Amino acid sequence: MIGTNALIGVAVVSLGMVLTPGPNMMYLVSRSITQGRRAGALSLSGVAVGFLVYLTAANLGLSLVFLAVPQLYTAVKLAGAGYLAWLAWKALKPGGTSVFARQELAHDSPRRLFTMGLLTNLLNPKIAILYVSLIPQFIDPTAGHTLLQGFVLGGVQIVVSLGVNLAIVLAAGTIAVFLAGRPTWLRAQRYVMGTVLGALAVKLATDRAPAAAA
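Presented here is an overview of the structure given in this document. (Residues numbered from 1 in each chain as written. Predicted model: local features only at pLDDT ≥ 70, side-chain atom pairs only at ≥ 80, totals over all residues. Heavy atoms only, no water.)

### Topic: the packing of aromatic side chains
Worth spelling out the cut-off: Pairs were defined over the aromatic rings of Phe, Tyr and Trp, the Trp ring being its six-membered one, requiring ring centres within 6.5 Å. Orientation was assigned from the angle between planes: stacked under 30 degrees, edge-to-face over 60, tilted for the rest. Secondary structure elements follow DSSP: runs of H or I of four or more residues count as helices, runs of E of two or more count as strands, with numbering from the N terminus. Remark: exposure states derive from per-residue accessible area (1.4 Å probe, protein chains only) relative to the maximum for the residue type, with buried under 20%, exposed over 50%, and partly exposed in between.
Overall, the coordinates contain one aromatic pair when judged by the stated rule. Ring centres of Tyr 54 and Tyr 131 lie 6.3 Å apart, and the angle between their planes is 15 degrees; on these two criteria the pair is classed as stacked. Within this pair, whereas Tyr 54 is found in helix α3 (residues 37-68), its partner Tyr 131 is found in helix α6 (residues 125-134), the two being separated by 77 residues in sequence. According to the relative accessible area criterion, Tyr 131 is buried, its value standing at 3%.

### Topic: the pattern of salt bridges
Selection rule: By salt bridge we mean one thing: a side-chain nitrogen of Lys or Arg within 4 Å of a carboxyl oxygen of Asp or Glu.
One pass over the structure, following the stated rule, counts two salt bridges. In this structure, the salt-bridge partner of Asp 108 is Arg 31, at a minimum N-O distance of 3.3 Å. One end of the pair, Asp 108, is in the loop between α4 (70-92) and α5 (110-122); the other, Arg 31, is in helix α2 (residues 23-35), and 77 residues separate them in sequence. Per residue, the accessibility class of Asp 108 equals that of Arg 31, and both read buried. In this structure, the salt-bridge partner of Arg 112 is Asp 108, at a minimum N-O distance of 3.3 Å. Because the salt bridges share partners, they merge into one network encompassing Arg 31, Asp 108 and Arg 112.

### Notes on helix α1 (residues 4-18)
The test is simple: Working rule for helices: expected span equals 1.5 Å times residues minus one. Summarising the geometry, the arc corresponds to the directions from the helix axis toward the C-beta atoms.
Here α1 is 15 residues long and its end C-alpha atoms lie 21 Å apart, about the 21 Å a rise of 1.5 Å per residue gives. Within α1, the full set of buried residues consists of Ala 6, Gly 9, Val 10, Ser 14, Met 17 and Val 18. Angularly, the buried residues of α1 cover 155 degrees about the axis, an arc narrow enough to put them on a single face. Facing away from the buried side of α1 by more than 90 degrees, the exposed set consists of Thr 4, Asn 5 and Val 12.

### Overview of the nonpolar core
The following threshold applies: Nine residue types can take part in a nonpolar core, namely buried Ala, Val, Leu, Ile, Met, Phe, Trp, Tyr and Cys, and a core is a set of them joined through side-chain atoms within 4.5 Å. Pairs of residues are marked as contacts when any of their non-hydrogen atoms sit within 4.5 Å.
Counting residues in each nonpolar core, the largest one holds 19 residues, and the members touching the most others are Phe 51, Tyr 131 and Leu 153. Looking at this core, the elements with two or more residues in it are α1, α3, α6 and α7 (146-180). The element best represented in this core is α3, accounting for six residues. Excluding residues that lie within four positions of it along the chain, Tyr 131 makes contacts with Phe 51, Tyr 54, Leu 55, Ala 58, Pro 136, Gly 154, Gln 157 and Ile 158. Listed in part, the 14 residues of the second largest apolar core include Met 25, Ile 168, Leu 197 and Ala 201.

In structure tokens:
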């Protein structure tokens, strides 16, 4: 029913997006460094539920809602671009800190870790674009069962994203220790992440493609 090319295509797109710095990565890294791997894993569980929410909404017609009310899509797009721009400024501003720099943050309860992971993912513009614009391109209407295709392809994305994010959670502390003694590398990481986030914000804000036809 689903071609191998479609499965590979979604996996490649998902890998590229999860490796691009964004809100999910920044939150998971900060919690893992501050509160340990268990906290990072709990936060990741919230991120996973956020994926499921978007996947379900997209397959039940979220893209059609955006197409019928383009102003809503524009509002979501600009809000996401603004959020990415704010994250970019935090990384690039004078005195900014790297996501891998150890900071003194209050320890959150398991419930808050889960909730913040969920909200961070739901407010992540990259995920909204992925589900309403990119994954539908790999669905073959002539093969039938389009709803099932959507859920299967979305499942591939979730597996890839959670696998990479779990690796980031497990490695965050080690990377932080490595970079702590290399301030130049830490500063370079901050500039690279800020630049990428800024570029994504500009691209998102200037993208005029309709939500269901991108």
